[in-house]
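Listed here are the chains, written in short residue letters.
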Amino acid sequence: MAAGLPARALADDTSVASSESADGYQVPDRPAPNSRMVPSPQNTGITKPNAEPIPPEPAPAAWDEEYDVVIVGSGWGGLTAANMAAQGGLKTALIEKGDVTGGASRHAAENAVISGGSKAQEEAGYHWPGDKFDPKAATTKYEEYCSWTVDYKLLYDSVIAGAEWIDWMMEQPGIEWVAAGPCMEDIRVNSKEQNTLLGNHWTAEALTDNAIADGVEIKLLTQCKALIQDGDRVVGIKVADTLGNETYLKGAKAVLLTAGGFGMNLDLLEKYTPTAYMYATQGGPMPSHTGECFRMGLGVGADVSGFNSFSMWEGGLDEYWGNGDGNYFHHFWNGAKQVMQNPWLKIDITGRRMEFFAKSTGDGIPQENYPHLENCEIGDLTSANHWSSSIGHRAYNIFDSKFKESLKVFENSAMNPNQDAHRQPVSEDRTVVNTLASSTEWEKEFEEAVARGAISKADTLEELAEMLGLRPERVTAAVDHWNNDICAKGEDTDLPAPYKEDWLIPVDTPPYYGAAMGGQISKTMAGLRVNEKMQVINAEGDPIPGLYAGWYTAGGIGGVNNYGGIFGNPTIHAGVAISGVGGYMAMNAILANE
Ligand SMILES: Cc1cc2nc3c(=O)[nH]c(=O)nc-3n(C[C@H](O)[C@H](O)[C@H](O)COP(=O)(O)OP(=O)(O)OC[C@H]3O[C@@H](n4cnc5c(N)ncnc54)[C@H](O)[C@@H]3O)c2cc1C
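Residues numbered from 1 in each chain as written. Predicted model: local features only at pLDDT ≥ 70, side-chain atom pairs only at ≥ 80, totals over all residues. Heavy atoms only, no water.

Would you mind going over the overall build of the protein with me for this structure?
A count of helices and strands for the protein gives 17 helices and 21 strands. Counting across all 594 residues of the protein, residues that qualify as buried make up 58%. By sequence separation, contacts in the protein at least 24 residues apart represent 72% of the contacts at least 6 residues apart. About 22800 Å² of surface is accessible on the protein, with carbon and sulfur atoms providing 51% of the total. (Helix = DSSP H or I, 4+ residues; strand = E, 2+ residues; numbered from the N terminus. Buried < 20%, exposed > 50% of the residue type's maximum accessible area, 1.4 Å probe, protein only. Contact = heavy atoms within 4.5 Å. Areas by Shrake-Rupley, 256 points an atom, 1.4 Å probe, with all protein chains shown as cover.)

Here it is, written out as structure tokens:
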């Protein structure tokens, strides 16, 4: 071997013969298939405690409660499945660690089944792609978006199930949805009676009431702690209440995990979605997304699907989880973040301007690839990608003491009305979409963010740069360029997606403000590998008897290494609808006794 060249051999595999290549590297012979390690994202080598599998427990001598089906997590997947189970005559328990049903699904509004096909969408004339419901074409198109890293059978069946799920939802008492393109919206949202951000709470209430009426045992403030296994079959779960009292619940026919993703679990993020771990400013979307049910699935031998697959949304102040406010749940309601989501001077660590994608910038991103976002922004998705992949992985907002006046300018210069709720400061009691930036609450929250250092405030630009961890000469040069070359001339000649003229407001009146911005995790799409019946499977493809998972405890619906804003959320049916579709598919299979 040539001196100085490293030997490269398969570690810990002495049985592998090797030869020396012309350049001196030791080239291992291809090992026999049966001696190869099964390739899996589980083999990343990271062994942080909160990423470790949670081992199952054996069946107790006596069960505390016995059900046909036990469902963990009450988002759209869990609520859909619980209602279907009860309607199908199964004795059902729905376990929820929060104090209310609905999870993140309750906080969403746009239930987007992209490929359409439901009766309501057909009547509304919505189709994608093409001009008729075509599951094969939708599958093919979406495979392309996922760079062909998605399970085509799972995807195809999800397209079919998407249409069926909406039809099923529309038949449930208390559901008042209308089709707005691919999105099913509550009538009150559609008529703008209510802020779009809260639309699903009526549906959550209706599905919960229906489930209770049909005999589902809903246990709130009850956390699933472990799976119970008898031989290789999952036969129930162990739960604990808030006082730590443990009980054993039998799920004779099935245990279904619809417990959300793991966007708040740093160890799991590092291991399974390292890009999110490295670049995201904040976890999310809900504090409850801590991933223990994913770990329980790993504990009974599940494979993992969707490595490094996640999505982000714009708007995170770079606080991460530090102050307890760092998750998407608070995203819309925090005044400091609302102020940040505006077209300020944005730079990367080198001082180069960063883009800010909003429809009203005329950014020209092809909307036809984002049919479910036809009437709103894709900027929430694309800005996060843009900033996170920049040098330094952050965009820095730089503005000055005139910011309250500037907010009114931004509002009045045709920021997309559907997105004003995201971009203009809002307050908890806000009931309409187009409220001006007049709440005192957001000002208080802004000041709180300054006080805790999430937003920096300084009398000089040099001082501000130091506080932000930026080189002072880069910041002063960037502001000088902004003031003199852009604002003074009244034309944004820097960016491919230029700022509107009246957004060109000089930064010249101290005190100065600045904050690092990045992406917030809106969902993790790595999780337990499932087949098209939503049965959790091991690395050999065998179902783990008795165990099912819905998205986003299941992974793989967004393909592998699929992150950021591609195709919106990016799943074939967007974030909240795919949760319902997963629950629908799983319960269909359970009812069919498969
Ligand atoms: C404010 C907001 C707005 C959004 N808007 C949209 C939108 O308009 N359109 C869209 O497509 N998406 C939207 N999303 C994203 C969407 O809501 C989520 O992607 C989707 O609801 C996730 O569904 P899920 O079933 O995976 O998780 P969830 O709906 O969160 O359900 C999981 C449930 O499992 C429970 N759980 C977890 N672990 C355990 C355990 N060990 N024991 C018991 N219970 C457990 C959790 O408490 C939670 O209630 C929004 C999210 C937020 C926060």
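Is there a simple way to think about unusual backbone geometry in this case?
The omega angle of the peptide bond from W128 to P129 is -15°, so this bond is cis rather than trans. The residue N308 is not glycine, and still its phi comes out positive at about 60°. Following the sequence through the fold, N308 ends up in the loop between strand 13 (304–305) and strand 14 (310–317). On the accessibility criterion, N308 (5% relative accessible area) is buried. The backbone of A574 shows a phi angle near 60°, a positive value even though the residue is not glycine. You can call A574 buried: its relative accessible area is 2%.

Is there a simple way to think about the sheet that holds strand 7 (residues 177–180) in this case?
Either a parallel or an antiparallel arrangement is found when strands of a sheet pair, and the pairing is made through backbone hydrogen bonds. Across the sheet, which stays open at both edges, the three strands sit in the order 6-8-7 with antiparallel pairing between neighbours. Where the open sheet ends on each side, the last strands, each with one partner, are strand 6 (111–112) and strand 7. In the sheet, strand 7 pairs with strand 8 (residues 183–186) via four bridges, with the strands oriented antiparallel. Along strand 8, the bridge assignment pairs A179 with M184. (Pairing = 2+ DSSP bridges.)

Which parts of the structure should I look at to understand the side chain of N83?
Turning to its location among the elements, N83 is positioned in helix 1 (residues 76–87). Reaching out from N83, the side chain makes a polar contact with the backbone nitrogen of A211 at a distance of 3.2 Å. Ignoring sequence-local partners within four residues, the contact set of N83 consists of W168, L207, N210 and A211. (Polar contact = N/O pair within 3.5 Å; in protein donor to acceptor, adjacent residues only side chain to side chain.)

I tried to follow the packing of aromatic side chains on my own but got confused; where do I start?
Here the distance between the centres and the angle between the planes together describe a pair of aromatic rings. Counted by the stated rule, this structure contains 14 aromatic pairs. Between W165 and W177, the ring centres sit 5.8 Å apart and the planes meet at 70°, which makes this aromatic pair edge-to-face. Taken together, the residues span a long stretch of sequence, with W165 in helix 4 (residues 152–170) and W177 in strand 7 at a distance of 12 residues. Summarising the burial analysis for this pair, W165 and W177 share the class buried. (Phe/Tyr/Trp six-rings, centres within 6.5 Å; stacked < 30°, edge-to-face > 60°.)

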